[in-house]
Amino acid sequence: METARFSTIHANSVQYWILLGTLVLGALVGYLAAHHMDVEGHHITGMSNQIVWGFPHVAAVFLIVAASGALNVASISSVFGKVDYKPLARLSALLAIALLVGGLVILVLDLGRPDRLIIAMTVYNFKSIFAWNIFLYVGFIFITAIYLWMMMERKMNRFSKPAGFTAFIWRLILTTGTGSIFGFLVARQAYDAAIMAPLFIIMSFAFGLAVFILVLQASYAWTQRHLGDAILHKLRVLLGVFVASVFYFVLVYHLTNLYATEHHGVERFILVDGGIYTFLFWVVQMLFGCVVPLVLVFIRPFSQSRHMISLAALLVIVGGLAQLYVIIIGGQAYPLVLFPGMEESSSFFDGVVAQYAPSIFEILLGVGGICLSLAIVTVGIAVLEFLPESLSDKALKLESVTP
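Owing to the predicted nature of the structure, the values given are computational and were not obtained by experimental measurement.

Enquirer: Summarise a nonpolar patch on the surface; cite the residues concerned and give the values.
Expert: Together, Val 241, Phe 247, Leu 251, Leu 255, Leu 258, Leu 287, Phe 288, Val 291, Val 295, Phe 298, Ile 299 and Phe 302 make up an exposed nonpolar region whose accessible area comes to about 960 Å². Following the sequence through the fold, Ile 299 ends up in the loop between helix H11 (276–298) and helix H12 (306–333). Of the residues examined, Ile 299 reaches a relative accessible area of 42% and is grouped as partly exposed.

Enquirer: Outline the environment of Gln 332, supporting the account with residue identities and numerical values.
Expert: Within the fold, Gln 332 resides in helix H12. Classification of Gln 332 as buried rests on a relative accessible area of 5%. Counting along the chain gives 306 residues from Gln 332 to Gly 26, while the straight-line C-alpha distance between them is 29 Å. Setting aside residues up to four positions removed in sequence, Gln 332 forms contacts with Gln 50, Ile 51, Val 52, Trp 53, Arg 188 and Tyr 191. A polar side-chain atom of Gln 332 sits 2.8 Å from the main-chain carbonyl oxygen of Trp 53.

Enquirer: Just give me the short version of the nonpolar core, but keep the residues and values in it.
Expert: Counting 128 residues, the largest nonpolar core has Leu 88, Leu 91, Phe 200, Leu 209, Phe 212, Leu 216 and Leu 239 as the members making the most contacts within it. With 17 residues, the top contributor of residues to this core is helix H8 (residues 196–222). Excluding residues within four positions of it along the chain, Leu 209 makes contact with Gly 69, Val 73, Ser 204, Leu 235, Leu 238, Leu 239 and Phe 242.

Enquirer: Can you break down empty space enclosed by the protein residue by residue, with the values?
Expert: Tallying each qualifying case throughout the model produces three cavities of 30 Å³ or more. Put simply, the largest cavity is a space of about 160 Å³. Around the largest cavity, the lining is made up of 14 residues, and of these Tyr 253, His 254, Ile 270, Val 326 and Ile 327 lie nearest the centre. Looking at side-chain class alone, the lining of the largest cavity contains 10 nonpolar, three polar and one charged residues. Counted as a void, the second largest cavity has a volume near 60 Å³. As for the second largest cavity, its lining consists of Ala 206, Phe 207, Val 243, Val 246, Gln 285, Gly 289, Cys 290, Val 316, Gly 319, Gly 320 and Gln 323. Breaking the lining of the second largest cavity down by element, the ones donating at least two residues are H8, helix H9 (229–259), H11 and H12. Classifying every residue of the lining of the second largest cavity by side-chain character gives six nonpolar, five polar and no charged.

Enquirer: Summarise the packing of aromatic side chains; cite the residues concerned and give the values.
Expert: Evaluation of the coordinates by the stated rule reveals 13 aromatic pairs. The interplanar angle of 45 degrees and the centroid separation of 5.2 Å between the aromatic rings of Phe 205 and Phe 242 together place this pair among those described as tilted. You can see Phe 205 sitting in helix H8 and its partner Phe 242 sitting in helix H9, a full 37 residues away along the chain. With respect to burial, Phe 205 and Phe 242 carry one shared label: buried. Residues Tyr 277 and Tyr 325 carry aromatic rings whose centres are separated by 6.2 Å and whose planes lie at 25 degrees to one another, so their mutual orientation is stacked. Of this pair, Tyr 277 sits in helix H11 while Tyr 325 sits in helix H12, and the two are 48 residues apart along the sequence. With respect to class, Tyr 277 is no different from Tyr 325; both count as buried. Linked through ring pairs, Phe 269, Tyr 277, Tyr 325, Tyr 334 and Tyr 356 together constitute an aromatic cluster. Lying over the aromatic face of Phe 6, Arg 90 brings its terminal NZ or CZ to 3.8 Å of the ring centre.

Enquirer: Describe unusual backbone geometry, and please don't skip the residues or the numbers.
Expert: A cis amide bond links Arg 300 to the next residue, Pro 301, at an omega of 5 degrees. Summarising the element assignment, Pro 301 is placed in the loop between H11 and H12.

Enquirer: Help me get a handle on the packing of helix H7 (residues 160–183) against H8, residues and values and all.
Expert: Two elements in contact, H7 and H8, have axes separated by 7 Å at closest approach and are oriented at 125 degrees. Of the possible angle classes, the one that applies to H7 and H8 is oblique. For the crossing formed where H7 meets H8, the hand is right-handed. Every residue of H8 that contacts H7 at Arg 171, Leu 172, Thr 175, Thr 176, Thr 178, Gly 179, Ser 180, Phe 182 and Gly 183 is listed here: Met 196, Ala 197, Phe 200, Ile 201, Ser 204 and Phe 205. Its residues assigned to classes, the contact of H7 with H8 comprises seven nonpolar, seven polar and one charged.

Enquirer: Describe H12, and please don't skip the residues or the numbers.
Expert: Taking 1.5 Å per residue as the helical rise, H12 with its 28 residues ought to reach 40 Å, and the 39 Å between its terminal C-alpha atoms agrees with that figure. Of all 28 residues in H12, 20 are buried; the element is thus mostly enclosed. A side-chain oxygen of the first residue of H12 lies 3.2 Å from the backbone nitrogen of His 307; this N-cap is Ser 305.

Enquirer: So what's going on with H8? Which residues, and what values?
Expert: In a regular helix each residue adds 1.5 Å, so 27 residues correspond to 39 Å; H8 covers 38 Å between its end C-alpha atoms and thus fits that length. The buried count for H8 comes to 22 of 27 residues, which makes it a mostly enclosed element. One or two residues past the end of H8 sits Gln 224, with phi positive at roughly 55 degrees.

Enquirer: Account for the pattern of salt bridges, naming residues and giving values.
Expert: Enumeration according to the criterion identifies four salt bridges in this entry. One salt bridge connects Glu 389 with Arg 5, and the closest N-O pair in it is separated by 3.9 Å. Taken together, the positions of Glu 389 in the loop between strand S2 (387–388) and helix H14 (393–396) and Arg 5 in the segment before strand S1 (6–7) put the pair 384 residues apart, joining distant regions of the chain. On the basis of relative accessible area, Arg 5 is assigned to the exposed category, the value being 61%. The shortest N-O distance in the salt bridge between Arg 268 and Asp 273 comes to 2.7 Å. Classification of Asp 273 by relative accessible area gives partly exposed; the value is 46%.

Analysis parameters
- Residues numbered from 1 in each chain as written.
- Predicted model: local features only at pLDDT ≥ 70, side-chain atom pairs only at ≥ 80, totals over all residues.
- Heavy atoms only, no water.
- Patch = residues over 30% accessible without salt bridge, like charges linked within 9 Å, V, L, I, M, F, W, Y side chains within 5 Å.
- Areas by Shrake-Rupley, 256 points an atom, 1.4 Å probe, with all protein chains shown as cover.
- Salt bridge = Lys/Arg side-chain N within 4 Å of Asp/Glu carboxyl O.
- Helix = DSSP H or I, 4+ residues; strand = E, 2+ residues; numbered from the N terminus.
- Buried < 20%, exposed > 50% of the residue type's maximum accessible area, 1.4 Å probe, protein only.
- Contact = heavy atoms within 4.5 Å.
- Polar contact = N/O pair within 3.5 Å; in protein donor to acceptor, adjacent residues only side chain to side chain.
- Core = buried A, V, L, I, M, F, W, Y, C linked by side-chain atoms within 4.5 Å.
- 1 Å grid on protein atoms, 1.4 Å probe; cavity = no way out; pocket = protein on both sides within 12 Å on 5 of 7 lines; lining within 4 Å.
- Points joined across faces, edges and corners; volume = space filled by probe spheres on them.
- Nonpolar A, V, L, I, M, F, W, Y, C, P; charged D, E, K, R; others polar.
- Phe/Tyr/Trp six-rings, centres within 6.5 Å; stacked < 30°, edge-to-face > 60°.
- Lys NZ or Arg CZ within 6 Å of the ring centre and 35° of its normal.
- Axes fitted to C-alpha atoms, helices over the stretch in contact; angles between N-to-C directions.
- Parallel < 35°, antiparallel > 145°, perpendicular 65-115°, else oblique.
- Left-handed = near helix turned anticlockwise from the far one by under 90°.
- Expected span 1.5 Å × (residues − 1).

So, in structure tokens, the structure goes:
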């Protein structure tokens, strides 16, 4: 395969400025929503003393997890030596940084008191996974930026492989830390599981690749660059493998919980009696987020259509948001088991399933973080050479594969 030629996109079109303006406006609206919640107080949100992590945390965790997975395309090239993916590595790294920045901005603005971040950055409790995550997140951005420099600066190309390997190991640790936030919370019946760490790792692979596929297809369609069938086929198959892996780990997680008597209550809540959480789990997460994408990417004639591949990636993202909603919100909604084997009730809602509906301000904050991530990518590909001029089968010297 010849070395791909990279170039910036032309940012002088009306369509480009409309897109960038829309994304910037979305990010600004998200910030204003967060500011309004800070000024008015906690009571205008859907959160309560029982559910303290709302929809913004769902969006933030999704972006953080997807950031790790988005870098997977670059890792396949540098760590595993698959040169077919090398032309995609720059965009992969840019998208990883952008998604993580968007997720972290949501987290900071959802603190209620963003200035308290100064305390979190200066006073550390290393018994807390949250303290470790500060180093993991900042380190990920720093290492990925160096990795990008090694790839884009010709004199430093010989160091791109060790930089890519370092980024690969770091992102595995980062996603393990994110999953461990929930795995270490032993007080919550829905969280207390060691499998949370590997589950979040494989979720990151699927979510990040789904976002990458949509960004790649949109970038090449809007800039009228050629995207070959062969490279898209590789990404399609890879997405199917990751989605199937997520399906497997979710199955193992729930079967393990069903085996343990102490988790029967929360399992019945999520799988049978949870109302919106049960609907999101079975219909959105499992059916539309796993089964339907697997059909679209593996079964003909769906797998032959680029539109169906885009739809599969979009459904994986929607299913991923539903999965995190069930994990984060549903896990908090189920009451704490204060006295195992006994029933308790009090004026503090002990033993009562918590109610939650996200307010418009929470939704706008979450959407604003997503818009910020996409805006960073939109500006990045216009300023620096992240996109190959062509990803056609001929340019990459790949044989087109009939799905």
